[in-house]
Structure formats: C-alpha cells, structure tokens
Amino acid sequence: MERILTNFLNAYWLRPETALWRTLDVVAMRDFKFASPSLDMGAGDGTFSFLRAGGEFNNRFDVFLDVDNLDSYFDNVDVYDSYHSDRNITVTKKADYQIDYALDHKMSLMKKAERLGFYKNFVEADANNRLPFPDESFRSVFSNMIYWLDDPKHAFEEIHRVLIHEGGGMLCDAS
C-alpha cells in the first residue's frame, strides 16, 4: 500500500487527499481482475486507471502541469480540459495489463491518456447518453465518475446493457 500511496502522491502532490482516496480505491479493488474486452467509462486522462493497473511514472510526473485557463478557475472552467503535445510523460513501469476501450467526452483528456500506452482504443462519447457499443460488448466495465452524470440510474442501465451476461446474470470476477 505504501508504494501505491507514493505513486499517487507523486502525481497528485497538490491534492494529497485525492492521492489518499485514490489509494484507498485501489486497495478496495485489488482483487478485481479486468477481463477482456474491457471498458473504462469516463477514462479522463487515464492517470488513475494506469496507476491502479500497476503503472508508474518518473517522480517528475505531475497531473497539475498539463492545465490551462488557471485565471478562470474560480469561474468554474475545467482547467484540466487541455492538451499540450510537447508535454513529455516518462513511464518508468508499464501497467500490468491494458484496457481495451477508453471512453470520455473530452478528446483532450483522451489524448493525454493515449500517451500512457495503456488503452487500446479511444471513443469520444458522453456517458449521459446511450453508450456507443452493442449489447453485451464487455466482460469488464470500470467507472469512477458515475456520480458526475445527470442520471446515475441510466448509467447503470447502460453498463448493464453493454456487459456480457452469462447464464442469465452478469459476469463478475470476484476471485
């Protein structure tokens, strides 16, 4: 747990409470194994899922460097909705697995995630709407943003729709 916390503190140094919560998320989910095909719904810049999967950055990685519009922060502008192609990210350890699909409504965030080499495919879509996948497309769906959506019940219905069902119930790996 100490290594996980250190990795999150390096990335989220300005918000240590975020690092602590993310570490607790990872510890709580440690026994969940992603089965392919998999979806990260609301992948954002991929930092959380990448670190959750055992990936590591050099200690100079900082999620707070790749922002814009800081002068508008108090006007409720999303300062993370930016992308700088010249920003170098040094991955010192690849993640232990890959996720097949990253879905997010902000292409700028997925461009950041693409630099991690963690996701195989990127889909720009708003999870408030019908997910752009056929029924029973995924064996694993992960999301840490449902509480941001307009209608969480709809989101859970969509997750249920795109999850592969076996024997009348959803497939769930709790090993």
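Residues numbered from 1 in each chain as written. Predicted model: local features only at pLDDT ≥ 70, side-chain atom pairs only at ≥ 80, totals over all residues. Heavy atoms only, no water.

### A look at the sheet that holds strand β1 (residues 38-41)
In any sheet, the strands associate via hydrogen bonds between backbone groups, in a parallel or an antiparallel arrangement. Taking strand neighbours across the sheet as the criterion, the four strands line up as β5-β4-β1-β6 in an open arrangement whose pairing is parallel. Across the chains shown, the open sheet's two edge strands, defined by having one partner strand only, are β5 (119-124) and β6 (140-142). Neighbouring strand axes in the sheet, compared pairwise and without regard to direction, differ in orientation by 20 degrees on average. This element, helix α4 (residues 107-114), spans β4 (99-104) and β5 of the sheet and lies at about 175 degrees to β5. (Pairing = 2+ DSSP bridges. Helix = DSSP H or I, 4+ residues; strand = E, 2+ residues; numbered from the N terminus. Axes fitted to C-alpha atoms, helices over the stretch in contact; angles between N-to-C directions. Contact = heavy atoms within 4.5 Å.)

### Looking at the layout of surface pockets
In this model, the second largest pocket occupies a volume close to 330 Å³. Looking at the second largest pocket, it is lined by 19 residues, and the ones nearest its centre are Val26, Arg52, Ala53, Gly54 and Asp96. Secondary-structure elements contributing two or more residues to the lining of the second largest pocket are α1 (2-11), α2 (16-28) and α3 (47-52). Of the residues that constitute the lining of the second largest pocket, the class distribution is nine nonpolar, three polar and seven charged. (1 Å grid on protein atoms, 1.4 Å probe; cavity = no way out; pocket = protein on both sides within 12 Å on 5 of 7 lines; lining within 4 Å. Points joined across faces, edges and corners; volume = space filled by probe spheres on them. Nonpolar A, V, L, I, M, F, W, Y, C, P; charged D, E, K, R; others polar.)

### Brief notes about the pattern of salt bridges
Considering all chains together, one arrives at nine salt bridges under this definition. Residue lysine 120 pairs with aspartate 100 through a salt bridge whose shortest N-O separation is 3.2 Å. A residue pair is termed long-range when its members are at least 10 positions apart, and lysine 120 in strand β5 and aspartate 100 in strand β4 qualify at 20 residues. Note that glutamate 158 and arginine 161 form a salt bridge whose closest N and O atoms lie 2.7 Å from each other. (Salt bridge = Lys/Arg side-chain N within 4 Å of Asp/Glu carboxyl O.)

### Topic: the confidence of the model for the protein
On average, residues of the protein score 87 in pLDDT, and 85% of them reach the 70 mark or higher. Across residues 168-175, confidence stays below pLDDT 50; counting only partners more than four residues off in sequence or on other chains, it has 10 contacts. (pLDDT = per-residue confidence, 0-100.)

### Comments concerning the nonpolar core
Counting 24 residues, the largest nonpolar core has Phe8, Tyr12, Phe50, Phe57, Phe118 and Tyr119 as its most contacted members. At the level of elements, α1, α2, α3 and β4 are the ones that each hand at least two residues to this core. Broken down by element, the residue count for this core peaks at three residues, all from α3. Not counting chain neighbours up to four residues away, the residues in contact with tyrosine 119 comprise Asp40, Ala43, Gly46, Ser49, Gln98, Ile99, Tyr101, Ala102 and Ala113. Of all hydrophobic cores here, the second largest spans 17 residues; its members include Leu103, Ala125, Phe133 and Ile159. (Core = buried A, V, L, I, M, F, W, Y, C linked by side-chain atoms within 4.5 Å. Buried < 20%, exposed > 50% of the residue type's maximum accessible area, 1.4 Å probe, protein only.)

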